[in-house]
Amino acid sequence: MAERGRPRCFDRELALRRAMAIFWKHGYEGSSLACLTDAMQINSPSLYATFGSKEALFKEALDLYDREAGSPVAEILQNTPSAREAVAGLLQASARCFCEPDRPAGCMVLLSALNCTPANAGVWQHLHERRLRSDALLRARLVRGVADGDIPATADVQMLATFYIGIRQGMSMQALDGAGYDVLLGMAGAAMAAWDVLVSGAPPQPVPTPASGTG
């Protein structure tokens, strides 16, 4: 039996890549169907016939982003010999990725749905789970660092991971606000300067409470 309907006459991979750029720049809710179809150079029926829905298109665009932007990070964490060098490499690679010319700034997984309406709570949850998986890669590398002797057994690995995850997230936000590669690289360097103190096992010092008045 002959296939019903007209054959697809566009480059699916190219259309997906264009959709990724729109979602990355405008976020999930900020990317209207009209904006997406215009960028992808297809009509709405073709979008639904090919990708299923806007949400399914978004998730596939995230997969493409992970393959291209996430793969170098995973490789650095897996293959860099020492834990310290792995974390430094992670931050340096992120600095490059977040302000790459001719691409939207920052991290797509972090920025494309910071907040969502209740109707799109599933999209936020999906991104939340992706961020947790990414964060788990860093924690696993730090745990391996303890096993390898790169990090003292007394170090608070959870605190260490949280700190460097927060630095990376901050770099993404700074890139969104226009920070260039040198600024992001400076943030990475400042964060790595704290490495020896953070892995020493010494408890962090509390932030002093400001005086309530001048008397």
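By the naming in an unreviewed UniProt entry, the protein is TetR family transcriptional regulator, taken from Jeongeupia chitinilytica.

A. Representation of the pattern of salt bridges in the model. If you walk through the whole model with that rule in mind, you get 7 salt bridges. Salt-bridge contacts for glutamate 55 lead to lysine 59; the nearest nitrogen and oxygen are separated by 3.2 Å. Placement of the pair is glutamate 55 and lysine 59 together in helix H4 (residues 54–79), with a separation of 4 residues, close to one helical turn. Judged by relative accessible area, glutamate 55 falls into the partly exposed class, the value being 28%. Two residues, arginine 144 and aspartate 148, come together in a salt bridge whose shortest N-O distance is 3.6 Å. Here the residue arginine 144 and the residue aspartate 148 both occupy positions in helix H7 (residues 121–148), the gap between them amounting to 4 residues, near one helical turn.

B. Spotlight on the nonpolar core. Core analysis: the largest hydrophobic core is formed by 59 residues, its most contacted members being Tyr164 and Trp195. Here tryptophan 195 is in contact with Ala83, Arg84, Val87, Leu142, Ile151, Leu160 and Tyr164, once residues within four sequence places are set aside.

C. Inspection of the packing of helix H8 (residues 157–176) against helix H9 (residues 181–193) at higher detail. Interaxial distance between H8 and H9 falls to 10 Å at its minimum, and their mutual angle equals 165°. Between H8 and H9, the interaxial angle falls into the category roughly antiparallel. For the pair H8 and H9, the crossing hand works out as right-handed. Touching Phe163, Tyr164, Ile167, Gly170, Met171, Gln174 and Ala175 of H8 are Leu184, Met187, Ala188, Ala191 and Met192, all from H9. In terms of residue class, the contact of H8 with H9 is made up of 10 nonpolar, 2 polar and no charged.

D. Quick look at the packing of aromatic side chains. Under the criterion given, the structure shown has 6 aromatic pairs. Each ring, one from phenylalanine 23 and one from tyrosine 28, has its centre 6.0 Å from the other, and the planes form 15°; the classification is stacked. Joined through ring pairs, the aromatic side chains of Phe23, Tyr28 and Phe58 make up one cluster. Sitting above the plane of the tyrosine 28 ring, lysine 54 keeps its charged end 4.4 Å from the centroid. When the ring centre of tryptophan 124 is taken as origin, the NZ or CZ atom of arginine 131, which lies over that ring, is 5.9 Å away.

Conventions used here
- Residues numbered from 1 in each chain as written.
- Predicted model: local features only at pLDDT ≥ 70, side-chain atom pairs only at ≥ 80, totals over all residues.
- Heavy atoms only, no water.
- Salt bridge = Lys/Arg side-chain N within 4 Å of Asp/Glu carboxyl O.
- Helix = DSSP H or I, 4+ residues; strand = E, 2+ residues; numbered from the N terminus.
- Buried < 20%, exposed > 50% of the residue type's maximum accessible area, 1.4 Å probe, protein only.
- Core = buried A, V, L, I, M, F, W, Y, C linked by side-chain atoms within 4.5 Å.
- Contact = heavy atoms within 4.5 Å.
- Axes fitted to C-alpha atoms, helices over the stretch in contact; angles between N-to-C directions.
- Parallel < 35°, antiparallel > 145°, perpendicular 65-115°, else oblique.
- Left-handed = near helix turned anticlockwise from the far one by under 90°.
- Nonpolar A, V, L, I, M, F, W, Y, C, P; charged D, E, K, R; others polar.
- Phe/Tyr/Trp six-rings, centres within 6.5 Å; stacked < 30°, edge-to-face > 60°.
- Lys NZ or Arg CZ within 6 Å of the ring centre and 35° of its normal.

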